[in-house]
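Architecture and fold: a report
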Amino acid sequence: MLIQNADRTTYGINKIVFSILAFVIFFIVGFVSWQWMGVDPEPWRLRVLVLTPLTMSLLLYVCCDQLGVYYRCMTLGMSIQRFVVAYACFVVVSMITWKFLVPFFVDIAVQTLAYVLTFLCGLWLRINRFRAEKVLVEEAPTLVVGVPEHVKEFRKLLKSDHVDFKDELMVMAPEEVDREGVRSLLIRRCISKVVFLPEEVDSSVARCLVELCGKMGVDFYASMVVDMPDVHQTYFGVLGGTRMLVYKSTPIPYTTSWQLKKMLDWVGALLLLVFTSPLWLLATIGIRLSDRGPVFYRQKRSGLYGREFGMWKFRTMYRDADKRLDEVKARYGNDMDGPIFKLEHDPRIFAFGRFLRKFSIDELPQLINVLKGEMSLVGPRPLPVYETAAFTSDAHRRRLSVLPGVTGYWQIAGRSNIREFERLVELDMHYIDNWSLWLDVKLLLKTVPAVLFARGAK
């Protein structure tokens, strides 16, 4: 199994961003100071103008890395302390380098300005990253399983480390653990992590919890090693002041690729909103002419861990479509095998709506959901809440353990041509088990011809 050190939550992209930021600050301050002092921009001086900020940013990178700035800290004070110490070392080393190796500025005030600006920007990035990590932990619905004495001690540790869950921790005694009871609670309360305190608890409880969490895609935190199915990845995490071994059956967050995926979602959604704006206008006019009523349709869908959210689409059906659902099912049946309802010639769809669906124009408003953090550009398609409730296997809920996507394997593999629900789930599981940033990029690129040539659209 893969073991990763989750203490280095910002090891990748944050170090790179901070180093680039330092380079830009030193370069701009240097360039402005040369303009102010009237220095001739001769070729050899221009090289120095670039090489000096590059040297400074590399030194800052090394100092922050070696002094553990990018390791997770329990308190904001500790995080700031590490950064200040690393930055002080950087100032000393860089000033020596600046003076004897790559002389740059003459004016001490200009040097000081560059240092102060870089320090303030780095401090701001570190504080905001710490708060973001804290929110990820504290706003996640959590179930704690353990004997009362150890649960009480665990609460004290959380309190001492200033971990304040926004929702009250749900607690279950080991003797209350049974498969159906835990399963019901995970679904009902949209639990994202289960914390297992193994002291004085029979190992059968751990096996029950870890199997259920693995099937349903819920994170399992434990302070001991448990025999795990092959589907799990393992890494060391921290909850409050307690180090834990995390068994995860979904892609591990906080990695560089995971953070780049978030950036890809934001940038990609914004660019697509701009470039597809003419299609938004076309859809609005066409819907208004086809059927009087709202342009957009907002349906309750199951998002991450089954949390409900309103998914936006351009309306392609008549206004009474929801009321006629049962009637249409009874009269025309279902083209899909499973809880999902699909009908090739659904009478509730008006003519222009079929055009919007054929070229997936009706899906464009979901870019708003991406910007809100409710969806990703790539991931399993979000299903209506009533279809999720009809799942017959716990393993089906594992597709809810990652953010739903605007596109995914289903879209490029034929969409409506796939009629078996189990095949759809199989594609989703393949995506979750083999996720990488490059896989997202490939699926996005393959989506373009699939949409343009209307493959599998009905």
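Further up the page is the structure itself.
Here the structure is a predicted model, which means the values were calculated and not measured.

The number of helices and strands found in the protein is 16 helices and 11 strands. Out of the 458 residues belonging to the protein, those deemed buried represent 50%. The contacts in the protein between residues at least 6 apart in sequence include a share of 74% that link residues at least 24 apart.

Okay, the environment of Arg-288 next. Relative to the assigned elements, Arg-288 resides in helix α9 (residues 277-290). Residues Arg-288 and Arg-315 lie 27 residues apart in sequence; the distance between their C-alpha atoms is 9.9 Å.

Turning our attention to the packing of α9 against helix α11 (residues 351-358). Where α9 meets α11, the closest approach of the two axes is 8 Å, and the angle between their N-to-C directions is 155°. In terms of orientation, α9 lies roughly antiparallel with respect to α11. Every residue of α11 that contacts α9 at Leu-282, Ala-283, Gly-286, Ile-287 and Ser-290 is listed here: Phe-352, Phe-355 and Leu-356.

What follows is about helix α5 (residues 148-160). It helps to recall that an α-helix has 3.6 residues per turn; residues three or four apart then point in one direction. Look at α5: 18 Å from first C-alpha to last across 13 residues, which is about the 18 Å you get at 1.5 Å a residue. Among all positions in α5, only Val-151, Phe-154 and Leu-158 are buried. With its buried residues spanning 60° around the axis, α5 presents them on a single face. In α5, the exposed positions that point more than 90 degrees away from the buried face belong to Glu-149, Lys-152 and Lys-159. Here the buried face of α5 lies against β2 (142-145), β3 (170-172), β4 (193-196), β6 (233-239) and β7 (242-248).

This paragraph deals with the pattern of salt bridges. The final tally for this structure, using the stated rule, is 16 salt bridges. The closest approach of N and O atoms between Glu-363 and Arg-381, which form a salt bridge, is 3.0 Å. You can see Glu-363 sitting in the loop between α11 and α12 (366-371) and its partner Arg-381 sitting in the loop between β10 (376-378) and α13 (385-388), a full 18 residues away along the chain. Here the salt bridges share partners, and the residues they tie into one network are Lys-313, Asp-362, Glu-363 and Arg-381.

The next thing to look at is a nonpolar patch on the surface. A cluster of nonpolar side chains, Ile-16, Ile-20, Val-24, Ile-28, Phe-31 and Val-32, forms an exposed patch at the surface whose accessible area comes to about 510 Å². Take Ile-16: it is sitting in helix α1 (residues 13-37). You can call Ile-16 partly exposed: its relative accessible area is 41%.

All right, on to the pairing of β6 then. Most of β6 is tucked away, with five of its seven residues classed as buried. Taken together, the seven bridges between β6 and β7 define a ladder with antiparallel strand orientation. Pairing of Tyr-235 across the sheet is with Val-246, part of β7.

Here we come to the packing of aromatic side chains. Per the stated rule, a full pass over the model turns up 17 aromatic pairs. Between Phe-196 and Phe-220 the ring centres are 6.0 Å apart and the planes differ by 25°, which places this aromatic pair in the stacked class. With Phe-196 in strand β4 and Phe-220 in strand β5 (residues 219-222), this residue pair connects regions lying 24 residues apart in the sequence. The pair Phe-196 / Phe-220 is uniform in exposure class, with both members buried. Their ring planes at 35° and their centres at 5.7 Å tell us that Phe-391 and Phe-421 sit as a pair that is tilted. Pair noted here: Phe-391 is in the loop between α13 and β11 (405-407) and Phe-421 is in helix α15 (residues 421-433), with a separation of 30 residues, a long-range link.

A word on the state of the cysteines. Under the counting rule described, the total for this entry stands at zero disulfides. There is no disulfide at Cys-89, and the cysteine sulfur nearest it, in Cys-63, is 6.0 Å away.

Rules used in this analysis
Counting restarts for each chain, with residues numbered from 1 along the sequence as it is written. Local features are withheld for residues below a pLDDT of 70 in this predicted model, meaning they are given only at 70 or higher, and side-chain atom pairs are given and counted only at 80 or more; totals for whole chains, interfaces and linings count all residues. Water and hydrogen atoms were dropped before computing side-chain values, which therefore reflect all heavy atoms in the structure. Numbered from the N terminus, helices here are DSSP runs of H or I no shorter than four residues, and strands are runs of E no shorter than two. Buried residues are those whose accessible area, probed at 1.4 Å on protein chains only, stays under 20% of the maximum for their type, while exposed residues exceed 50% and partly exposed ones sit between those limits. Residue contacts are counted whenever heavy atoms from the two residues lie within 4.5 Å of one another. Think of each axis as a best-fit line through the C-alpha atoms, taken over the contacting stretch in the case of a helix, with angles from 0 to 180 degrees between the N-to-C directions. Geometric relationships in this document are graded by angle, where less than 35 degrees denotes roughly parallel, more than 145 denotes roughly antiparallel, 65 to 115 denotes roughly perpendicular, and other angles denote oblique. Multiplying 1.5 Å by the residue count of a helix minus one yields the expected span of that helix. Directions are taken from the helix axis to each C-beta atom, and the arc is the one they span. In the sections that follow, a salt bridge refers to a side-chain nitrogen of Lys or Arg positioned within 4 Å of a carboxyl oxygen of Asp or Glu. Nonpolar side chains (Val, Leu, Ile, Met, Phe, Trp, Tyr) within 5 Å and like charges within 9 Å form the patches, drawn only from residues with over 30% relative accessible area and no salt bridge. Here, Shrake-Rupley sampling with a 1.4 Å probe gives the accessible areas, and only protein chains in the shown set may cover a residue. By the convention used here, strands pair only if DSSP detects at least 2 bridges between them. For Phe, Tyr and Trp, rings pair up if their centres lie within 6.5 Å, where Trp contributes its six-membered ring, and each pair is then called stacked (planes under 30 degrees apart), edge-to-face (over 60) or tilted (otherwise). Whenever a pair of cysteine sulfur atoms sits within 2.5 Å, that pair is classed as a disulfide.

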